[in-house]
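Structural characterization, general
As a plain string of letters, each chain reads:
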Amino acid sequence: MAYGYLTRSFSSTPTNADKFTVSFWIKYAHTKDAQIVASNTSTAGNGSWIEIRSDGKIGFIEYTGSVVWNFETEKTFLDTSSWYHIVIAGDSTQSSDSDKMKFYANGQQLTFSTTTYAATNTDFRWNKQMDSGTPQGHQIGRIASDGSNFVGYLAHMHNIDGTQYAASDFGQTDSTTGIWKPKLNPSVTYGTNGWFLKFENSGAMGTDSSGNSNTFTLTGDVNQSVTTPSNDFCVLNFNECYNTQKKDVLHHGNT
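**A word on the pattern of salt bridges**
For the coordinates displayed, the defined rule picks out seven salt bridges. Between R53 and E51 there is a salt bridge, with the nearest N and O atoms lying 2.8 Å from each other. Residue R53 is classed as buried on the basis of its relative accessible area of 12%. Between E72 and R53 there is a salt bridge; the shortest N-O distance is 3.2 Å. Placement of E72 in strand β6 (residues 67-76) and of R53 in the loop between β4 (47-52) and β5 (57-63) is noted, with a sequence separation of 19 residues between them. Here E72 and R53 have matching classes, each one buried. Each of E51, R53, K57 and E72 takes part in one network of salt bridges that share partners.

Below you can see the structure in the form of structure tokens.
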């Protein structure tokens, strides 16, 4: 099966490569296979990427010939029926390693089972060009060097260049239901290579709503869905499908 993805090339110098934040709402269509949510890598395999690892944990890794940064959550995320709000926020200027990288899920800060920290003030490559190779820029749903494509739903995806934000900058607890919900127009500064994808225009899924005009190009099978974090619809359960190729049988978000 051919999977879809979005890409955006860039050549601009980042606002501040020491700091970044990525916030997104995600609903898995399947588990058990490693999947790339977003990346900035070259075909040589250097760069940064956010992934769902094969054990259901969320990871962020940066590799430039060897591992520079690497983080994996203790918590696993295996529910294919629910939306999760994930925030990954780095600031290499912090003197304490524990403050250099923070992960959040539905507003709660997560602990790590794996950590590899670079030295203080080491640039992140997330919003920065790679040393060599192509492509140069962000990809959503895949990585340049292999085929670990993401299969599922994404909503309200923010990329911040130059600031480490907390989950509370992008979400809040509903006072009536007690459920964590998105802030539809958060008060954040995106920076030069930042962007905000709402995925609200079915004819232009890569439209940037940050004001930066950092629009993405769509390739392959990417479809808009009516299911959202605030209006979730029932789907088939991937874990109840016994076909050995179930990730190909259950596609389009298990609908």
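**Brief notes about the nonpolar core**
I26, F60 and M157 are the most contacted members of the largest nonpolar core, which totals 36 residues. No other element matches the five residues that strand β2 (residues 19-28) contributes to this core. Leave out the neighbours within four places in its chain, and M157 touches V22, S23, F24, V37, A38, I140, W195, F196, L197 and F199. Membership of the second largest hydrophobic core comes to 14 residues, among which are W83, Y153, W180 and Y190.

**Quick word on the sheet that holds strand β12 (residues 152-161)**
The strand order across the open sheet formed by six strands is β9-β8-β7-β2-β12-β15, and the pairing between neighbours is antiparallel. The sheet is open, and its two edges are formed by β9 (108-109) and β15 (195-197), each paired on a single side. As judged from the eight bridges shared by β2 and strand β7 (residues 84-91), these two strands associate in the antiparallel manner. The partner of K19 across the bridge, within β7, is D91.

**Re the environment of E72**
Judged by its relative accessible area of 12%, E72 is buried. Taking the C-alpha atoms as reference points, E72 and I61, 11 residues apart in sequence, are found 8.7 Å from one another. Residues contacting E72, with those up to four places away along its chain left out, are R53, D55, K57, I58, G59, T111, F112, S113 and T114. Reaching out from E72, the side chain makes a polar contact with the side chain of R53 at a distance of 3.2 Å.

The rules behind the values
- Residues numbered from 1 in each chain as written.
- Predicted model: local features only at pLDDT ≥ 70, side-chain atom pairs only at ≥ 80, totals over all residues.
- Heavy atoms only, no water.
- Salt bridge = Lys/Arg side-chain N within 4 Å of Asp/Glu carboxyl O.
- Buried < 20%, exposed > 50% of the residue type's maximum accessible area, 1.4 Å probe, protein only.
- Helix = DSSP H or I, 4+ residues; strand = E, 2+ residues; numbered from the N terminus.
- Core = buried A, V, L, I, M, F, W, Y, C linked by side-chain atoms within 4.5 Å.
- Contact = heavy atoms within 4.5 Å.
- Pairing = 2+ DSSP bridges.
- Polar contact = N/O pair within 3.5 Å; in protein donor to acceptor, adjacent residues only side chain to side chain.

This is a description of form; function is not addressed.
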